[in-house]
Amino acid sequence: MLSNILERLKDAFGYGSKYYNGDLIEYFDDLFKQLEKKLIEPENAKSKVKELFLANQDLKSHFLDTYCDKQQERKHLQIIGSKVRLFNRLRFGIINLEENGYEPIHCHQGFISFQIVLAGKCTLDEFDKISLKGNKVIFKPYKNQVLSSNDVMLNFSRFRGIHGFGAIEGPTRILTIGKYYGLFGKYRFSTNNRGYLDIDNQKKISSQLLQTSLIEEREAYSKYSKINNFS
Ligand SMILES: [Fe+2]
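Colleague: Tell me about the nonpolar core, residues and numbers included.
Modeller: Core analysis: the largest hydrophobic core is formed by 31 residues, its most contacted members being Ile116, Cys122, Ile174 and Leu175. Put simply, the parts of the chain that give this core at least two residues each are helix 2 (23–36), helix 3 (42–55), strand 2 (88–97), strand 4 (111–133), strand 7 (152–155) and strand 8 (162–181). Among the elements that make up this core, the one with the highest residue count is strand 4 (8 residues). Excluding residues that lie within four positions of it along the chain, Ile174 makes contacts with Ile95, Gln115, Ile116, Val117, Leu118 and Cys122. Residues Ile105, Phe139, Ile162 and Ala220 belong to the second largest nonpolar core, which totals 13 residues.

Colleague: Residue-level account of helix 2, with values.
Modeller: Along its 14 residues, helix 2 runs 20 Å from first to last C-alpha, staying within 8% of the 20 Å computed at 1.5 Å per residue. Of the surrounding secondary structure, the elements contacted by the buried residues of helix 2 are helix 3, strand 1 (77–84), strand 2, strand 4 and strand 8. Remark: Lys38 follows helix 2 within two positions and exhibits a positive phi of approximately 55 degrees.

Colleague: Mind laying out the pairing of strand 4, listing which residues take part and the relevant values?
Modeller: Pairing of strand 4 with strand 8 involves 15 bridges; the strand directions are antiparallel. What sits directly across from Ile112, in strand 8, is Lys179. In this sheet, strand 7 lies alongside strand 4 in antiparallel orientation, the contact comprising 4 bridges. If you follow Ser113 over to strand 7, its bridge partner there is Asn155. Pairing between strand 4 and strand 5 (residues 136–141): 6 bridges, direction antiparallel. If you follow Phe127 over to strand 5, its bridge partner there is Pro141. Following strand 4, the chain reverses through 2 residues before pairing antiparallel with strand 5; Gly134 in that reversal takes a positive phi of roughly 60 degrees.

Colleague: Now, about unusual backbone geometry: what can you tell me, with residues and values included?
Modeller: What you tend to see is this: most non-glycine residues have negative phi, and most peptide bonds are trans. A positive phi angle is found at Lys38, which is not glycine, with a value near 55 degrees. Turning to its location among the elements, Lys38 is positioned in the loop between helix 2 and helix 3. The backbone phi angle of Asn100 is positive, close to 75 degrees, even though this residue is not glycine. Residue position: Asn100 is located in the loop between strand 2 and strand 3 (102–108).

The rules behind each value
- Residues numbered from 1 in each chain as written.
- Predicted model: local features only at pLDDT ≥ 70, side-chain atom pairs only at ≥ 80, totals over all residues.
- Core = buried A, V, L, I, M, F, W, Y, C linked by C-beta atoms within 7 Å.
- Buried ≥ 20, exposed ≤ 12 C-beta atoms within 10 Å, placed from the backbone.
- Helix = DSSP H or I, 4+ residues; strand = E, 2+ residues; numbered from the N terminus.
- Contact = placed C-beta atoms within 7 Å.
- Expected span 1.5 Å × (residues − 1).
- Pairing = 2+ DSSP bridges.

Treat this as a map of the structure, not an account of what it does.
Laid out in structure tokens, this is it:
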């Protein structure tokens, strides 16, 4: 417990990998604030992040070389650092998907994130979360997209709050930079801050809206963790 608190304090005071305290964290801090205050449109924010990575290929190589090496243990989500503050937390991570692997469609609460495709191709299903009451979620789908290296996803309460994505034509590596809200960024919605949608049991409730229920993580992964497993 004590060592945990000490680690959090060290993080908060800036001991960590250099870029968690440098330009990159400042850049995303600022961009998250602009989105919170509605000073930038979500699509413009995505374009800015894409331009950042296109203009700094070293940045992409850094993450790929340091964290996506073939020899390394492949965790599905590898947390590579975080900066904890009193009322929020920024977290950097790498999502590894093997070919045909799919991150089951889920919603987030108290969380905003950019995800940058570092390598590979990614199929992306996005939805706006219209409401979440108890176990029932109402949502609006968008056209499926295919993302390539340097393409960016953005998800938060006002913009594409529900998504699922998978690796096509080989493995995919994605850098995720997220901001969690709440005391020390510990807002808890579920054990891993995701609510998984039972997408095959969706019902159409109007011309644009669909409804389904949330399911447990284990069920979501057993039903939906491969692209070909579901429609
Ligand atoms: Fe997500």
